[in-house]
Amino acid sequence: MKTHDLPQNAAPIAFTLNGRAVEAAPGETLLQAAQRAGIEVPHLCHKDGLRSPGNCRACVVEIAGERVLAPSCCRSPTPGMVVTTDSPRAAAAQKTVLELLLSDAPDTAALKHDSELAYWAQVAGAKAGRFPFRAAALQDLSHPAMTVNLDACIQCTRCIRACRETQGNDVLGLAFRGGHAQIVFDQNDPLGASTCVACGECVQACPTGAIAPANGAYAHASQKQVDSVCPFCGVGCQLTYHVSDEKIEHVEGIAGPANEGRLCVKGRFGFDYAHSPERLTRPLIRRADAPKDPQSVMRRDWRELFREASWDEALDVAANGFKQVMASTSARGRQGPVAGFGSAKGTNEEAYLFQKLIRTAFDTHNVDHCTRLCHASSVAALMEGLGSAVVTNPLRDVAHADFVLLIGANPAQNHPVGATWIKNAVKQGMKLVLADPRRTELARHSWKHLGFQAGTDVALLNALLHTIVFEGLTDPAYIEAHTLDFALLKAHLVDFSPEAMAPVCGIDAATLREVARAYATAKNAMILWGMGISQHTHGTDNARCLIALSLITGQIGRPGTGLHPLRGQNNVQGASDAGLIPMVLPDYQKVSDPHAREKAERLWNLPPGTLGSEAGLTVVEIIDAAHRREIRAMLIQGENPAMSDPDATHAREALAGLDHLVVQDIFLTETASLADVVLPATAWPEKTGSVTNTDRCVQLGRKAVRAPGEAMADAWITEQLARRLGLAWDYGIAADGTASEDAHGGIGAVFEEMRAMMPSIAGLSWARLQREGAVTYPVTSESDPGHPVVFTDGFPTASGRATLVGANVTPPAEVPDASFPMVLITGRQLEHWHTGSMTRRSGVLDAIEPGPVVSLHTTTAQRLGLPAGALAQVRSRRGAVALPVRLDDAMPLDTAFIPFAYAEAAANLLTNPALDPVGKIAELKYCAVDVRPAMPEKEPALV
């Protein structure tokens, strides 16, 4: 039983420990009680956060009246019990156990400087050599991230429990018998050939270094440790950087609210990108003899395109270029000539300053970021239906759910730590329904896998809604008290029975009804979705259906219920909150609202009427306008539209045709190669600032290392540009990314200005964030603890009610035909993130997945004459790429999957820029393609 499962009023347990009267909390073990009392007891198989099996027996203690010693890690006290941890009998047993373990692992301190075995041996006075050493086992050096040294293994099984019970990966086990027993990967495979996903949970759990980082980082103590937040996906895992000589040597997870110490392969082994020799270290200005070539944006030596410059010169050239473009036209607002792409990879403060700069320096709301390419349709539907676009419940609420519908998302690849919470919940009895055209990793944990036809999401979801409504499975009281337009929805759903929708979506009617009934009748049911829902021309309709499912069943406003669109990048939520959206100011206050504009003008010291009321252009609209020469200059911070935008050839032509392009980034990305000025910025571990995860939890990222060369913090760059563009900014932001603890200047002052404008974080001061490190909004006052679950008693709409909106079944904008007979799905991989600019410069991550592949079902590949590893040409109406085939029977027939992180075979050269009419998001998840064997000698060079 877990401590949090016990009654809140359970009484403490009084007992005697080493002659002292002590109390144990209900559910505590003797070891935990001793640790709280400041008493050291040797232990090796026990680790906080893992189940304690009591198999090493290093923690044995003597209990009065009992014949044998008891393992304190898995024994709980009873009232009046008398326990001695250091009696002669207990101490002798502890010492003997440790000496036996030393004979199995003779020199663990050489592998891990803080070897727990070496420490406890020293504490207990145990000496090596009392027992004969066993034969040394061979090293396993087959994996780029981790090494295995079985001669240091004491078979405590921490690694097995970490792998199976924490991460739910089931790779590690204990094989053979007696003296031949050993830890194995899968069927005693080499680590590098096993199904290991390199989360490193076993590395963090191992007490001796038997499993350790491949770079030998555990062999010596780091010079400093800095707590921060992972910069990759939206889960927002907290971690500790271990730093020596201004270099991150290794990373460990800590007990953050989203991860409780867990990490994935990117979070644990992907930080060497910050130390890449390809980092930009000085400002660059395009050479006069280097014209922009949209057909050649691959990694190139910067000297071919640019010359180095001082910061003063580069900032002057950047600002003067914008001034010239602005002076050449009288157009303002949506028709203005300048636009900005901000970043969801940076801090909240950087995002806030960036949107403020674009709006105030260029008199336009033409500012957007990658949310337009991931969850814009989800945001549109949530704002329309609920009056707010935030997730209603944290991801870890799956632990309180009886049923979870996971649709259009692959958390095992894209939110790996989030996937562990789902797997843990399944083991506790939660029913998981995975709805996805692909049979992804979580399918083996699911109760049902709904492998529907790609692009038919609305048909499937309307069938579920029809079943619930017409079988009387709704929650009439909730509908009456909290929703609008149920009668309209019911009338709309008449024609969408499971029997009618089954031929459309490819799932039989009986299964659709069974799933609908299970969702509606569950005590607590939760819906999670990803970009498989949102990146469609009908993405807003998809989200409308999910919202309706939640509302008509009353599955919202309680723990274990609600709606959670999984955020893709580390700060998509925070960047959106901060106003990097063309139709809203910070905190989703509409630019059309005069009161919101007046508030911003007052706070920003602008004359009344300065801010326009017309929403700006979105990402794809900005690129289209640039292609038409209506947008003539752009400022891009930490984004890579030359890789991330659909129909990438079109996007690259648009960027190359700009009169003036300024890019802030840490690498010479495909987009930066088309710039006039490139400003070297700081990587995530090189600056301090806040970040908001998918759960609405605002967390503090802290600077751990110096930036290379003359690279400067993005917020400093933005402030310097603002000053040169005539804005009287005086935040005093530090160029090196540091932040003071007070809020009188620098990043702290920016944060205080943000919360003055954003009611959602009004009670979260910079001082409080420094002190607590993580707070979930809404937080209205300094005493408000924050609210992980929202909409408990209504919705932030004029009526206080949510609106039910029906959706019609519409096909994707482009469907297969005789010329392009297959469907292309794009997405991310476990090892690589976004456009690969960071992860492909990580040695470990790039070694695991070094090149692009197209995944095909074996039957499809055989029909096409494409064996595994063969070079395939994938062609759409917009472009073609050539890349090797990977056989994957989790794929639907006649469907291809390509990750979009590889410039040498960029998936977005193929994708369709057709937009959802409401969310303005492109249909990145569906387009028609032709796949056939490639003939390299006849294929054109691919960019």
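Cut-offs and rules
Residues numbered from 1 in each chain as written. Predicted model: local features only at pLDDT ≥ 70, side-chain atom pairs only at ≥ 80, totals over all residues. Heavy atoms only, no water. Helix = DSSP H or I, 4+ residues; strand = E, 2+ residues; numbered from the N terminus. Contact = heavy atoms within 4.5 Å. Buried < 20%, exposed > 50% of the residue type's maximum accessible area, 1.4 Å probe, protein only. Pairing = 2+ DSSP bridges. 1 Å grid on protein atoms, 1.4 Å probe; cavity = no way out; pocket = protein on both sides within 12 Å on 5 of 7 lines; lining within 4 Å. Points joined across faces, edges and corners; volume = space filled by probe spheres on them. Nonpolar A, V, L, I, M, F, W, Y, C, P; charged D, E, K, R; others polar. Axes fitted to C-alpha atoms, helices over the stretch in contact; angles between N-to-C directions.

**Q** Could you give an account of the environment of L465, naming the residues involved and the relevant values?
**A** By secondary structure assignment, the location of L465 is in helix α13 (residues 457-470). Spatially, the C-alpha atom of L465 lies 27 Å from that of Q428, the residues being 37 residues apart in sequence. Apart from the residues lying within four places of it in its own chain, the contact partners of L465 are L493, C545, A548, L549 and I552.

**Q** Please set out the pairing of strand β40 (residues 927-933) residue by residue, giving values where relevant.
**A** Within β40, five of the seven residues are buried, which leaves the element mostly enclosed by the surrounding structure. The pairing of strand β33 (residues 822-827) with β40 spans three bridges and is antiparallel. The residue of β40 that forms the bridge with L824 is C927. Relative to β40, strand β35 (residues 871-875) is paired through four bridges, and the arrangement is antiparallel. Counted as the bridge partner of R875 is D930 from β40.

**Q** Now, about empty space enclosed by the protein: what can you tell me, with residues and values included?
**A** Considering all chains together, one arrives at twelve cavities of 30 Å³ or more under this definition. Lining the largest cavity we find 36 residues, and of these M531, G532, Q535, T826 and K925 sit closest to its centre. Broken down by secondary-structure element, the contributors of at least two residues to the lining of the largest cavity are α11 (411-414), α18 (531-534) and β33. Considering every element that reaches the lining of the largest cavity, the biggest residue donor is β33, with three residues. Counted by class, the lining of the largest cavity contains 15 nonpolar, 16 polar and five charged residues. By volume, the second largest cavity amounts to about 240 Å³. Lining the second largest cavity are 24 residues, with S343, K345, G638, D665 and I666 positioned closest to its centre.

**Q** Can you tell me about the sheet that holds strand β23 (residues 562-565), naming the residues and giving the values?
**A** Spatial strand order, β20-β19-β18-β22-β23: five strands in an open sheet with parallel pairing. What marks the edges here is a single partner per strand, and that holds for β20 (448-450) and β23. Adjacent strand axes in the sheet meet at a mean angle of 15°, parallel and antiparallel pairs treated alike. Sheet analysis places strand β22 (residues 525-529) next to β23, joined by four bridges and oriented parallel. Of the residues in β23, the one forming a bridge with L528 is H564.

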